[in-house]
Amino acid sequence: MKFAYRFSNLLGAVYRHGNLSFSKDGNSVISPVGNRISVFDLKNNKSETLPVSTAKNITCVGLSPDGNLAILVDEDGAALLVSLITRAVLHHFHFHKPVASIRFSPDGRKFVVTKENVALMYHAPGRNREFNAFVLDKSYYGPYDETTCIDWTDDSKCFVVGSKDMSTWVFGAERWSNLIYYSLGGHKDIMVGCFFEKDSLDLYTVSQDGTLCVWESDTELDGLVLRKTKLPAERGEEEEGGEGEEEEPRGEVIRGKGEGPKEKEGTKNVRYKQRSKHFFNKEGDFNNLTAAAFHKPTHILVTGFASGIFHLHELPEFNLIHSLSISDQRIATVSMNSSGDWIGFGCSGLGQLLVWEWQSESYVFKQQGHFNNMAALAYSPDGQYIATGGDDGKVKVWNTTSGLCFVTFTEHTSSVTNVTFTSRGFVIVSASLDGTVRAFDLHRYRNFRTFTSPRPAQFSSLAVDPSGDLVSAGAQDSFEVFIWSMQTGRLLEVLGGHEGPVSCLCFSPVQSILASASWDKTVRLWDMMDSWQTKETLRLTSDGLAVSYRPDGQELAVATLDGEISFWNPQSANQTGSVSGRHDLEMGRKETDKITAKQSAKGKSFTSLCYSADGESILAGGQSKFVCIYNIREQILMKKFEISCNLSLDAMEEFLDRRKMTEFGSLALVDEGVGDGDGVELSLPGVRKGDMSSRHFKPEIRVSSLRFSPTGRSWAATSTEGLLTYSLDGALVFDPYDLDLDVTPVSVRRQLRQAEWAAAIVLAFRLNETALTQEVLEAVPHHQIAVVCGSLPDVYVEKLLGFIASALERCGHLQFYLSWAQSLLTQHGQKLKTRSGAILPTIQSLQKSIQRHFEDLSKLCDWNMYTIRYALALSKQRGVKRTAGDALCDEGVSEDSEVMSEASLEEETDMLM
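Remember, predicted model here, so these are calculated numbers, not experimental data.

Student: Give me the lowdown on the overall build of the protein, citing residues and values where you can.
Tutor: Each helix and strand in the protein was counted, giving twelve helices and 61 strands. Within the protein, residue pairs in contact and separated by at least 24 positions form 49% of the contacts whose partners lie at least 6 positions apart. A total accessible area of about 42800 Å² is found for the protein, and carbon and sulfur atoms account for 49% of it.

As structure tokens, this is what we get:
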């Protein structure tokens, strides 16, 4: 078992908080998800989460004009400079205060950061290596309250800043003699957006109360005059301002005043006048304008409101183009791509991310995660899909390749506690606290079975037998296990005997035996073939929380309340080993805890177990930020995975922050109220809009469910942050097998030159370098594949099969590798069948790759077939419309024209293909 697993992708959450950004080409949208960044490729319909993370939730993202760099700023003002090409962190910086917005200049040479009531302009990091990538150039003061938004002119000469004090300030990026600063009023609420017109100093300002002001400048951009010297008074202001800036003592300071700068002789200052003022239609007090974006080339203004409605207006005439309601929650951010065709919307209340094409009035991208905690997950038998259930009552199905959700089932009316796939992979079964167990069809995307109990019961556990005919669910209030038939939907039996809530159910993979763990300190084994009787009762040392069968069905693992994992032989009902994992959890201390983390860890335990695909190791997780993987034979901890380093979550640190401790107690115990932006809003039950009693809470980090992929190459965990997937690290390439002194790349290539194909393959696998193995396989002639497969030693057959399964995922030589797989399975099928349990993950990985190629090729073939039918229909229609004069033409001419039309038709068909 290899433990080179690394973080692969974040599913289940597409947007949390912060601003959206489009890539330079406009085909990808960059979305902050907690303390990570996800990139959604809208053209190829894929998602990727960057392997970088901040200390707390990301609040704003600044993207460089060339699309190569991004600055990520979290809640405390800590910033990361990230390369979007190498996916690496280039620089760390701290602004020491929360940052409202960040924006690069269009020429990419500078960027402006707004924090509190000051705008800081920095030199942007360039291509050259620098000791300090963030060098302060100027500090701009003027607003009396926090700044909210930024925009630059197209030539990077000036920028504008909006503030919560209802004012807008225009600053010069250089020392212009006729524009140092200019203050604009005219609004009665907080500024949401301020935008320059294309190649002009004219302005549009938008406030939260739905007011748009159009400002006209009396000077063009070319009319700005550069000042060569500084006045003595300004030097004094800079020195005075530099004393207050402790973290950035260097850099000029420009302080704006209400009356504006005085004009010098021979120079006329830039002046603005309000050309017009417009008002958006409001539907009530809760329809405040919350987000705005402006596309300069097309003069289109997009505004989002608290009610989930957005408007498109053409400026400066303020003509309404489009209006639509896309959500029932507040639109937190709006962004437009470079071409102006696509509009991105983020709704933090529900975790929605939408991309709307306004010209065709259709969705380009529409994703929503579970807006409450995820409770359960399940892999499909081929490892291609993941089903998740959450506290929001939804069941979602995700594609592991693209990382996107393609179907959501909303039939449950309460929290989903467990989900699972049937053995065929076409049916998902889910259990819920609403008293129902539902079966969903993945062919027609419908709920085709609903299982209920005679008396209302809250189902907390679920299991489906290997044949897919029996569905079992355990109740947490009646202490019973219910068995239904999948075919008829009827209740077959109610299994009684437990004296406490049933916490977990699991069917044996090889027999019709059901294991049920309960809080009554027992695990019962029920024989489904022998009148539903209890076959064995396993006595535990504490309450049973989780139970799992090994893939071969010869071992049973049970997690108990005392933090131990015990291993049992299900045939003899004897305990074969145990692991004490309480100290491995390493619990953190919540802000409201009265005891230390070391003391609270004594009451914690594992709540989820999962065997690896080969059955040699076991994954365990619980109310902690760690996932532990144990070797079963040695009964030792092999590795711990830290699933999150986000300090915005509770119970992340072992010790409390002493700076929050006062003589009256911890500041964390003070009710934060709705005015504070931290935490998650929790509305009262039944309230849809305008909940004046909404309050906040800080989510606690925990792992609710763990599953290993049937392919053995990845595993997934549902946590407070979302669905995290970990896959084998392909960078660790040197893992030799039976290495010797004469096994070198030179000797492998020597065997290739001598046409000793089997010997070259054996040497390549002994060296075990992926690139070299691929080179050897692709050098084998196609007609020699069957001969080489027949002469391979048995120990290398399984290795070659696993390599082919992984090569099919990333390589385009489809027929070539399928020929290898066919020859191996044909010639060694009987021997492989005797070791079916060990090679099952390899076979499932191969099946997953073939299935993905089959789906891609079938879509392409269907498209080509429809195109050919369309071309043939056009030719027939052309033949019907022939005139009578064409019919009387010479026979030879008609024959020639027919040949030409057929030839042109074939050319058109080839072009369409």
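Student: Tell me what's going on with the pairing of strand β42 (residues 491-495), and back it up with residues and numbers.
Tutor: Pairing of strand β41 (residues 481-485) with β42, which is carried by four bridges, proceeds in the antiparallel orientation. Note on β42: the bridge partner recorded for isoleucine 483 is glutamate 493.

Student: Hey, could you go over the packing of helix α6 (residues 770-779) against helix α9 (residues 814-833) for me, with residue numbers and the actual values?
Tutor: As a packed pair, α6 and α9 sit with axes 11 Å apart at the nearest point and diverge in direction by 90 degrees. Between α6 and α9, the crossing angle belongs to the class labelled roughly perpendicular. Here α6 contributes Gln774, Leu777 and Glu778 to the contact with α9, which in turn contributes Phe816, Tyr817 and Trp820. The residue makeup of the contact of α6 with α9, split by class, is four nonpolar, one polar and one charged.

Student: Outline the sheet that holds β41, supporting the account with residue identities and numerical values.
Tutor: Strand order in this open sheet of four strands is β39-β40-β41-β42, and the pairing throughout is antiparallel. Two strands lie at the open edges of the sheet, namely β39 (459-464) and β42, each paired on one side alone. In this sheet, neighbouring strand axes are inclined to one another by 20 degrees on average, regardless of whether the strands run parallel or antiparallel. Pairing of β39 with strand β40 (residues 470-475), which is carried by five bridges, proceeds in the antiparallel orientation. Across the sheet, residue alanine 463 finds its bridge partner in β40, namely serine 472.

Student: Quick one: what's the story with the nonpolar core, residue by residue and with numbers?
Tutor: In globular proteins that are soluble, nonpolar side chains generally tend to be buried together. Ile761, Leu800, Ile804, Tyr817, Trp820 and Leu824 are the most contacted members of the largest nonpolar core, which has 38 residues in total. Elements with a contribution of two residues or more to this core: α4 (745-753), α5 (757-767), α6, α7 (785-791), α8 (794-810), α9 and α10 (836-880). With sequence-adjacent residues up to four places away left out, leucine 800 is seen in contact with Phe765, Leu777, Leu792, Trp820 and Leu824.

Student: Tell me about the sheet that holds strand β13 (residues 135-141), residues and numbers included.
Tutor: Within a sheet, each strand pairs with its neighbour through backbone hydrogen bonds, oriented either parallel or antiparallel. Taken in spatial order, the five strands of this open sheet run β10-β11-β12-β13-β21, and their pairing is mixed. The open sheet has two edge strands, β10 (99-104) and β21 (252-255), and neither has a second partner. Here the average twist between neighbouring strands, direction ignored, is 20 degrees.

Student: With reference to specific residues and values, describe α5.
Tutor: Across the eleven residues of α5, ten count as buried, placing the element largely inside the fold. For α5, the complete set of buried residues consists of Trp757, Ala758, Ala760, Ile761, Val762, Leu763, Ala764, Phe765, Arg766 and Leu767.

Student: Pulling in residues and values, what's your account of the pattern of salt bridges?
Tutor: Note that side chains of opposite charge can pair when their charged atoms are close. Taken as a whole and assessed by the stated rule, the structure comprises 17 salt bridges. Here aspartate 137 makes a salt bridge to lysine 110, at a shortest N to O gap of 2.9 Å. Taken together, the residues span a long stretch of sequence, with aspartate 137 in strand β13 and lysine 110 in strand β11 (residues 110-115) at a distance of 27 residues. A relative accessible area of 12% places aspartate 137 in the buried class.

Student: Give a description of a nonpolar patch on the surface that names residues and reports values.
Tutor: On the surface, a nonpolar cluster with roughly 340 Å² of combined accessible area is contributed by Leu857, Leu860 and Trp863. Judged by its relative accessible area of 46%, leucine 860 falls in the partly exposed class.

Student: Run through the side chain of serine 705, naming residues and quoting values.
Tutor: Locating serine 705 in the fold gives a position in strand β59 (residues 703-708). Leave out the neighbours within four places in its chain, and serine 705 touches Ala375, Ala376, Leu377, Ser608, Ala716, Ala717 and Thr718.

Student: Which residues make up the packing of aromatic side chains, and what values go with them?
Tutor: Tallied over the full model, the rule gives 38 aromatic pairs. For the ring pair phenylalanine 104 and phenylalanine 111, a centre distance of 5.3 Å and an interplane angle of 45 degrees mean the geometry is tilted. Measuring from centroid to centroid gives 5.4 Å for phenylalanine 111 and phenylalanine 134, while their planes differ by 75 degrees, and the two rings are edge-to-face. Separated by 23 residues along the polypeptide, phenylalanine 111 in strand β11 and phenylalanine 134 in the loop between β12 (118-123) and β13 bring together distant segments of the chain. Just as phenylalanine 111 is buried, phenylalanine 134 falls in that class too. One aromatic cluster is present, built from ring pairs that chain together Phe93, Phe95, Phe104, Phe111, Tyr122 and Phe134.

Student: Residue-level account of α9, with values.
Tutor: The end-to-end C-alpha distance of α9 is 25 Å, clearly below the 28 Å that 20 residues give at a rise of 1.5 Å each. Among all positions of α9, only Phe816, Tyr817, Ser819, Trp820, Ala821, Ser823, Leu824, His828 and Leu832 are buried.

Student: Quick rundown of the environment of isoleucine 321? Include the residues and the values.
Tutor: Mapped onto the elements of the fold, isoleucine 321 is located in strand β26 (residues 319-325). Considered as a pair, isoleucine 321 and leucine 301 are 20 residues apart in the sequence and their alpha carbons are 9.8 Å apart. Apart from the residues within four sequence positions on either side, isoleucine 321 is in contact with Ile300, Leu312, His313, Glu314 and Trp358.

Student: An account of unusual backbone geometry is needed here, citing residue identities and associated values.
Tutor: Of the consecutive residues leucine 315 and proline 316, the connecting peptide bond is found in the cis state with omega at 5 degrees. Within the fold, proline 316 resides in the loop between β25 (309-314) and β26. Of note in this structure, arginine 87 is not a glycine but carries a positive phi near 60 degrees. With respect to the helices and strands, the residue arginine 87 is situated in the loop between β8 (78-83) and β9 (88-94). The class for arginine 87 is partly exposed, based on a relative accessible area of 25%. The backbone of methionine 166 shows a phi angle near 70 degrees, a positive value even though the residue is not glycine.

Student: Got a sec to walk through the environment of serine 64? Specific residues and values, please.
Tutor: Among the structural elements, serine 64 can be located in the loop between β6 (58-63) and β7 (69-74). Contact partners of serine 64, with chain neighbours within four places excluded, come to Leu69 and Phe104.

Rules and cut-offs
Residues numbered from 1 in each chain as written. Predicted model: local features only at pLDDT ≥ 70, side-chain atom pairs only at ≥ 80, totals over all residues. Heavy atoms only, no water. Helix = DSSP H or I, 4+ residues; strand = E, 2+ residues; numbered from the N terminus. Contact = heavy atoms within 4.5 Å. Areas by Shrake-Rupley, 256 points an atom, 1.4 Å probe, with all protein chains shown as cover. Pairing = 2+ DSSP bridges. Axes fitted to C-alpha atoms, helices over the stretch in contact; angles between N-to-C directions. Parallel < 35°, antiparallel > 145°, perpendicular 65-115°, else oblique. Nonpolar A, V, L, I, M, F, W, Y, C, P; charged D, E, K, R; others polar. Core = buried A, V, L, I, M, F, W, Y, C linked by side-chain atoms within 4.5 Å. Buried < 20%, exposed > 50% of the residue type's maximum accessible area, 1.4 Å probe, protein only. Salt bridge = Lys/Arg side-chain N within 4 Å of Asp/Glu carboxyl O. Patch = residues over 30% accessible without salt bridge, like charges linked within 9 Å, V, L, I, M, F, W, Y side chains within 5 Å. Phe/Tyr/Trp six-rings, centres within 6.5 Å; stacked < 30°, edge-to-face > 60°. Expected span 1.5 Å × (residues − 1).

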